[in-house]
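Summary of the model geometry
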Amino acid sequence: MTDVIYMDNNATTRVADEVFEAMLPYIRDLYGNPSSMHTFGGQVAHAINTARASVANLLNCSPDEILFTSCGTESDNTAIHTVLEQNPDKRHIVTTRVEHPAVRSTCRHFRDRRGCRLTELPVNAVGQIDLDELRDAISDDTAIVSIMHANNETGTVFPIAEIAEIVAESEAVLHCDAVQSVGKIPLDLSRIPINFLAVSGHKIHAPKGVGVLYVRRGTKLLPFIMGGHQEHGKRAGTENVPYIVALGKACELAGEHLEDETTRVRALRDRLEEKLLAGCRDAHVNGDPDNRLPNTTNISYEYVEGEAILLHMDGLNIAASSGSACTSGSLEPSHVLRAMGVPFTRAHGSVRYSLSRYTTEKEVDFVAENMPAIIERLRKMSPFGRPRVQA
């Protein structure tokens, strides 16, 4: 097989053909500035408003609650910064030990450089927090609670509706990184009292370089980027019109394919998972088996190093990700797997397979057929100790 078998969709996704076609005129022909007074610019401004409505429709919120940004990281940073800058008397942050670095690093910055008190809630063996611990952690001094909707490594989905109800009992603001969940599972913001929510375009078949920050009506926002009046004065800078149009189209398509994500893609994920567990001894699934994104499985192969697995997979044109955050000279496993208490010999041999609506059964079977040989070959060279001999 010469074409790449792409199972790294939690890292980024291919741009949908329909998305590319939608954005192309705004690169080539409709290049006016949406802030200009003339008709040529006005039709570009109309395209932005149409895209805003498409995003709002997917999230079931009002278009005026949608703020376009450059990416999910900017959205996360903006939310956390604005709450803490606007509330100098409240110096407490509550988050979890398994957040994406966009949230984790920002919260730790405020702890280390700004003197904030930071509570990072632990997770259990399947990556879930204890809601009673969350309730106990929130105090009168808590400014913001930042908890993701779905984990990018394991796919574990947090009970965000219940979390929102707990936070709503206090004066704290709730921020949710929903970069991995939007477009994969239903999310109705009209029913869940979230103040800020981050979305990233390149996770749902739009290009890299565009995102959204949902700002619940009535929630105050201090602009993170200052200058002009764009985005109703909430984010300065000339809008990235082609990419905004692309994101609007991607959200429209995500809504149309949501049932496919939760049925066909889930079935393919389960097929892959079952075959890998049956074909590879000492393999374990990481994450919540009952509350998980339909496209994601994170599997640990004991006594094998994850980066070596990926190199061998790459030789077969299979693209996936390691659950290990190893760097040159370091053998530190993923902070997510460490927080879950995954044993050393499993944490280092973790591979995340993340599918999309473009994944086929043929691709799933090809991966499942080739993984056992890769794992056994590497176990013979394993630096982590001799594998258990089967009876």
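As shown above, the structure is provided for reference.
Below is a short write-up of the structure. (Residues numbered from 1 in each chain as written. Predicted model: local features only at pLDDT ≥ 70, side-chain atom pairs only at ≥ 80, totals over all residues. Heavy atoms only, no water.)

With that out of the way, let us pick up the nonpolar core. One finds Leu134 and Leu197 to be the most contacted residues of the largest nonpolar core, which totals 63 residues. With 9 residues, helix 8 (residues 241-256) is the largest single contributor of residues to this core. Look past the residues within four positions of Leu197 in its chain and what remains in contact with it is Cys176, Ala178, Val182, Leu187, Leu189, Val212, Leu213 and Tyr214. Listed in part, the 27 residues of the second largest apolar core include Ile5, Met7, Ala283 and Tyr301. (Core = buried A, V, L, I, M, F, W, Y, C linked by side-chain atoms within 4.5 Å. Buried < 20%, exposed > 50% of the residue type's maximum accessible area, 1.4 Å probe, protein only. Helix = DSSP H or I, 4+ residues; strand = E, 2+ residues; numbered from the N terminus. Contact = heavy atoms within 4.5 Å.)

Turning our eyes to something else, we now look at unusual backbone geometry. Backbone geometry places His232, a non-glycine residue, at a positive phi of 55°. Among the structural elements, His232 can be located in the loop between strand 8 (211-215) and helix 8. On the accessibility criterion, His232 (64% relative accessible area) is exposed. The phi angle at Asn317 is positive, at roughly 60°, despite the residue not being glycine.

With that out of the way, let us pick up helix 13 (residues 361-379). Counted at 1.5 Å a residue, the expected span for helix 13 with its 19 residues is 27 Å, and the 28 Å between its end C-alpha atoms agrees. Its axis deflected by about 30° at Met371, helix 13 carries its strongest bend there, up to four residues before the proline Pro372. Buried within helix 13 we find Glu363, Val364, Asp365, Phe366, Val367, Ala368, Met371, Pro372, Ile374, Ile375, Leu378 and Arg379. Structurally, helix 13 contributes buried residues whose contacts are with strand 1 (5-6), helix 9 (258-279), strand 10 (296-301), helix 10 (306-314), strand 11 (318-319) and strand 13 (350-354). (Expected span 1.5 Å × (residues − 1). Bend = angle between axes of the 7 residues up to and from the residue.)

Moving on to the packing of aromatic side chains. By the definition in use, this model includes 1 aromatic pair. With 5.0 Å between their ring centres and 75° between their planes, Tyr31 and Phe40 make a pair best called edge-to-face. Note on Tyr31: relative accessible area 60%, which makes it exposed. Across the ring face of Tyr358, the terminal group of Arg14 is positioned such that the distance to the ring centre comes to 4.0 Å. (Phe/Tyr/Trp six-rings, centres within 6.5 Å; stacked < 30°, edge-to-face > 60°. Lys NZ or Arg CZ within 6 Å of the ring centre and 35° of its normal.)

It is worth spelling out the sheet that holds strand 9 (residues 283-286) at this point. The strand order 9-10-13-12 describes an open sheet built from 4 strands, whose pairing is antiparallel. Pairing within the sheet leaves two strands with one partner each, and these edge strands are strand 9 and strand 12 (321-322). Relative to strand 13, strand 12 is paired through 2 bridges, and the arrangement is antiparallel. Bridge pairing in strand 13 places Ser322 opposite Val351. The strands touched by helix 9 within the sheet are strand 9, strand 10 and strand 13, with strand 10 carrying the most contacts at an inclination of about 10°. (Pairing = 2+ DSSP bridges. Axes fitted to C-alpha atoms, helices over the stretch in contact; angles between N-to-C directions.)

A few words now on the pattern of salt bridges. One pass over the structure, following the stated rule, counts 22 salt bridges. Residue Arg14 is joined to Asp17 by a salt bridge in which the shortest nitrogen-to-oxygen separation is 3.5 Å. Between Asp270 and Arg269 there is a salt bridge whose closest N-O contact spans 2.8 Å. Connected through salt bridges with shared partners, the residues Arg281, Asp282, Glu376 and Arg379 form a single ionic network. (Salt bridge = Lys/Arg side-chain N within 4 Å of Asp/Glu carboxyl O.)

On to the pairing of strand 7 (residues 196-200), then. For strand 7, a buried count of 5 out of 5 residues is recorded, marking the element as mostly surrounded by other parts of the structure. Strand direction decides the pairing type here: strand 6 (residues 173-177) and strand 7, joined by 3 bridges, are parallel. Note that in strand 7 the partner of His175 across the bridge is Phe196. Pairing of strand 7 with strand 8, which is carried by 5 bridges, proceeds in the antiparallel orientation. Counterpart to Phe196 in the pairing with strand 8 is Val215.

Secondary-structure assignment places His205 in the loop between strand 7 and strand 8. A residue is classified by how much of its surface remains accessible, and His205, at 4% relative accessible area, is buried. Among the polar contacts listed, one links the side chain of His205 to the backbone oxygen of Arg14, at a separation of 2.9 Å. (Polar contact = N/O pair within 3.5 Å; in protein donor to acceptor, adjacent residues only side chain to side chain.)

On to the sheet that holds strand 5 (residues 142-146). In space, the 7 strands of this open sheet follow the order 2-8-7-6-5-3-4, with mixed pairing throughout. Each of the sheet's edge strands pairs with one partner strand only, and the pair in question is strand 2 (66-69) and strand 4 (117-121). On average, each strand axis in the sheet is tilted by 20° relative to the strand beside it, whichever way the strands run. Note: strand 3 (residues 92-96) against strand 4, 5 bridges, orientation parallel. Across the sheet, residue Val94 finds its bridge partner in strand 4, namely Thr119. Contacting strand 2, strand 3, strand 5, strand 6, strand 7 and strand 8, helix 4 (residues 72-86) runs over the sheet at an angle of about 165° to strand 7.

Let us look at helix 10. Along helix 10, the residues that are buried comprise Gly306, Ile309, Leu310 and Met313. When helix 10 is viewed along its axis, its buried side chains cluster within an angular range of 95° and face the same direction. Considering only its buried residues, helix 10 is in contact with strand 10, strand 11, strand 12, strand 13 and helix 13. Where helix 10 begins, the capping side chain belongs to Glu305, and its oxygen is found 3.0 Å from the backbone nitrogen of Glu307. (Arc of directions from axis to C-beta.)

Between helix 4 and helix 5 (residues 101-112), the least distance of the axes is 9 Å, while the angle of their chain directions is 25°. Looking at the two axes, helix 4 sits roughly parallel to helix 5. Helix 5 is crossed by helix 4, and the crossing has right-handed handedness. Judged by residue contacts, Thr73, Asp76, Asn77, Ile80, His81, Leu84 and Glu85 of helix 4 engage Ala102, Val103, Thr106, Cys107 and Phe110 from helix 5. Within the contact of helix 4 with helix 5, the residues separate by chemical class into 6 nonpolar, 4 polar and 2 charged. (Parallel < 35°, antiparallel > 145°, perpendicular 65-115°, else oblique. Left-handed = near helix turned anticlockwise from the far one by under 90°. Nonpolar A, V, L, I, M, F, W, Y, C, P; charged D, E, K, R; others polar.)

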